[in-house]
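# Architecture and fold: a report
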Amino acid sequence: MPQPTKGPRLGGGPAHERLLLANLAAALFTHKSITTTETKAKRLRPLAERLITFAKRGDLHARRRVLSVIGDKSVVHELFTEIAPLVAEREGGYTRITKIGNRKGDNAPMAVIELVLEPVVKKPASSKKSAARVETPKAAPVEEAPAEEVVEEAAAEETEAPETEAAEAEAPAEETTDETAEESEEK
């Protein structure tokens, strides 16, 4: 669990704050999204992300550590079997806090905290630093022939190649027949 903050707690004492955050985390994992005050959402985020990280590990020790915070076995089971596989590729940032304005009764600032379950889209590594690294080995500029000339040269080589190969194929065949004739005369 994250280190408790000094100063005023959310509900009263530190034990009450732990229970309050555990209940908020259980509700978040059950419903995937909850509406609460901004302060509670900001305090819930590190706890929820840490519990999801334990769930991604998936071993018995991690399950017991999550059970020590959230007492409900069905919520822990849902966290380990449904939520953890959905965020397996994500390296952090499992929750999103969206401010929604003030509550009507006491004008408290409200927020929606939700799980980010969308698949991760990896960005291509095209940063300025990597582009500079690629361009560092500078060689003398090579003049390239226009594409039409290259195509014509390739076509000319292909037409000449079969004629020379056919001539070379006939020559060894004649040599082999001469060698076999000489061998038969020696016998």
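Further up the page is the structure itself.
Computed from a prediction, not measured in an experiment: that's the story for all the values here. (Residues numbered from 1 in each chain as written. Predicted model: local features only at pLDDT ≥ 70, side-chain atom pairs only at ≥ 80, totals over all residues. Heavy atoms only, no water.)

### Looking at the overall build of the protein
When helices and strands are counted, the protein shows 6 helices and 3 strands. Along its sequence from the N terminus, the protein presents helices and strands in the succession α-β-α-α-α-β-β-α-α. Looking at the protein as a whole, 23% of its 187 residues qualify as buried. Accessible surface for the protein amounts to roughly 13,700 Å². Of this, 54% is attributable to carbon and sulfur atoms. (Helix = DSSP H or I, 4+ residues; strand = E, 2+ residues; numbered from the N terminus. Buried < 20%, exposed > 50% of the residue type's maximum accessible area, 1.4 Å probe, protein only. Areas by Shrake-Rupley, 256 points an atom, 1.4 Å probe, with all protein chains shown as cover.)

### Considerations on the sheet that holds strand E3 (residues 109-115)
Each strand in a sheet pairs with another by means of backbone hydrogen bonds, the pair being arranged parallel or else antiparallel. The 3 strands are arranged E1-E3-E2 in an open sheet whose pairing can be described as antiparallel. Strand pairing shows two members of the sheet lacking a second neighbour, strand E1 (33-37) and strand E2 (95-102), which therefore form its edges. The average angle at which neighbouring strand axes cross in this sheet is 25°, direction not considered. Relative to E3, E1 is paired through 5 bridges, and the arrangement is antiparallel. When the sheet's bridge partners are listed, Thr36 is paired in E3 with Ala111. (Pairing = 2+ DSSP bridges. Axes fitted to C-alpha atoms, helices over the stretch in contact; angles between N-to-C directions.)

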